Amino acid sequence: MYGLVNQGVKDLVLNKFGEETWQSICDEAGLKSDRFLRMKSYPDDVTYSLVGAASKVLELSPEDILIAFGRHWVLFTAQGGYGDLFDMAGDNLFDFLHQLDELHTRVKLNFPELRTPSFRCTDVKASSLRLEYHSHRDGLSALVVGLLHGLSDRFQTPLDVTHEVKREDTGTHDIFFVSLTEPPGGAK
Ligand code: HEM
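How each quantity is defined
Residues numbered from 1 in each chain as written. Predicted model: local features only at pLDDT ≥ 70, side-chain atom pairs only at ≥ 80, totals over all residues. Heavy atoms only, no water. Phe/Tyr/Trp six-rings, centres within 6.5 Å; stacked < 30°, edge-to-face > 60°. Helix = DSSP H or I, 4+ residues; strand = E, 2+ residues; numbered from the N terminus. Buried < 20%, exposed > 50% of the residue type's maximum accessible area, 1.4 Å probe, protein only. Pairing = 2+ DSSP bridges. Axes fitted to C-alpha atoms, helices over the stretch in contact; angles between N-to-C directions. Near = heavy atom within 4 Å. Polar contact = N/O pair within 3.5 Å; in protein donor to acceptor, adjacent residues only side chain to side chain. Nonpolar A, V, L, I, M, F, W, Y, C, P; charged D, E, K, R; others polar. Core = buried A, V, L, I, M, F, W, Y, C linked by side-chain atoms within 4.5 Å. Domains from an automatic or database assignment. Contact = heavy atoms within 4.5 Å. Buried area = accessible area lost by both parts, 1.4 Å probe. Salt bridge = Lys/Arg side-chain N within 4 Å of Asp/Glu carboxyl O.

Student: Just give me the short version of the packing of aromatic side chains, but keep the residues and values in it.
Tutor: Scanning the entire structure with this criterion turns up eight aromatic pairs. A ring pair is formed by Trp73 and Phe76, whose centres lie 5.9 Å apart and whose planes are at 35°; its orientation type is tilted. Taken together, the residues Trp73 and Phe76, both in helix α4 (residues 62–88) and three residues apart, mark about one turn of the helix. Across the pair, Phe76 and Trp73 agree in class, each one buried.

Structure follows, in structure tokens:
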């Protein structure tokens, strides 16, 4: 994945746990250098090893690491020069979720080797929808859960996420049931 992603993991660990923990994670992952060029595409193994090493060093499950990273990614990218892309993709959570593929299409203009995920909203109601997640990669469904929580923070829209259908079962995609825990518009 692009160095931007590895840089995001680094940013999360440095902010939450500090330099020493980050160095332990790099050692555990067997990284020769912890400097990532944001615009360079690295083998996916680098990212997966970082997540595995963080899980070991921090004694958290890989899923918990991915959830924390997903949540952090929203802040990291919005504050790291990609805020306009967020602004363009909608001013409420559900509109934004409909625009995820367009957002990554725009990202691809600057990151030509991007292997984009794809998302589809179905069963859309005022307070809930189902989000399909299609990916070239395995093992990242917990990342999507974290991303949804990060977007929930961004749009100040509390939500519940249930991982309803797993890719192991469909062979192609995951499905998340996303429901708002407060009525849209804040009305009680
Ligand atoms: C402006 C904000 C964003 C930027 C700049 C961005 C950029 C990227 C980049 C560089 C990758 C790595 C893919 C690769 O290197 O091939 C990626 C992957 C991914 N992005 Fe985004 N992204 C953004 C927002 C989001 C949001 C809000 C979501 C919410 C669902 C999301 C979901 C994902 C997922 C799930 C992946 C994993 C890749 C996979 O499944 O193959 N991204 N994104």
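Student: Can you explain the sheet that holds strand β2 (residues 128–134)? Please cite residues and give values.
Tutor: Taking strand neighbours across the sheet as the criterion, the four strands line up as β1-β2-β4-β3 in an open arrangement whose pairing is antiparallel. Of all the strands in the sheet, the pair left with one neighbour each is β1 (118–122) and β3 (159–165). Averaged over all neighbouring strand pairs, the angle between strand axes comes to 25°, with direction disregarded. One ladder, built from six bridges, connects β3 with strand β4 (residues 173–180); its direction is antiparallel. Looking at β4, one finds that Asp160 is bridged to Ser179.

Student: Tell me what's going on with the site of the ligand, and back it up with residues and numbers.
Tutor: The environment of the ligand is formed by 24 residues, the closest being Tyr2, His104, Tyr133, Ser135 and Arg137. Backbone polar atom of Arg115 to an oxygen atom of the ligand: 2.9 Å apart, as the coordinates give it. Here an oxygen atom of the ligand sits 2.6 Å away from a polar atom, N or O, in the side chain of Ser135. Secondary structure elements with two or more residues in the shell around the ligand: α4, α6 (100–110) and α7 (141–154). The residue inventory of the shell around the ligand, partitioned by class, reads 19 nonpolar, three polar and two charged.

Student: Got a sec to walk through the side chain of Ser135? Specific residues and values, please.
Tutor: Along the chain, the position of Ser135 falls in the loop between β2 and α7. Given a relative accessible area of 17%, Ser135 falls into the buried group. Within the structure, Ser135 has its side chain in polar contact with the backbone nitrogen of Arg137 (distance 2.8 Å).

Student: So what about the nonpolar core? Which residues, and what values?
Tutor: Counting residues in each nonpolar core, the largest one holds 56 residues, and the members touching the most others are Ile25, Leu93, Phe96, Leu97 and Leu151. With 10 residues, the single largest contributor to this core is α4. If you count residues domain by domain, this core takes at least three from each of domain 1 (3–60) and domain 2 (66–186). Not counting residues within four places of it along the chain, the set of residues in contact with Phe96 comprises Phe86, Ala89, Gly90, Leu103, Leu151 and Phe155.

Student: Talk me through the domain arrangement of the chain; I want residue IDs and the actual numbers.
Tutor: Domain annotation for the chain reports domain 1 (3–60) and domain 2 (66–186). Each of domain 1 and domain 2 has a C-alpha centre, and the two are 22 Å apart. If you look at the interface, domain 1 gives 14 residues, while domain 2 gives 15 residues. Summing both partners gives a buried area of about 1200 Å² for domain 1 against domain 2, and 70% of it is carried by carbon and sulfur. On inspection of domain 1 and its partner domain 2, the count reaches two salt bridges. Close ionic contact of Asp44 with Arg137 constitutes a salt bridge, the shortest N to O distance being 2.7 Å. For the interface between domain 1 and domain 2, the tally reads four residue pairs in polar contact (both at pLDDT 80 or more). Elements supplying a minimum of two residues to the side of domain 1 that touches domain 2: α1 (3–17) and α3 (44–58). A total of eight residues in the side of domain 1 that touches domain 2 trace back to one element, the largest contributor, which is α1. Of the residues in the side of domain 1 that touches domain 2, the class split is seven nonpolar, four polar and three charged.

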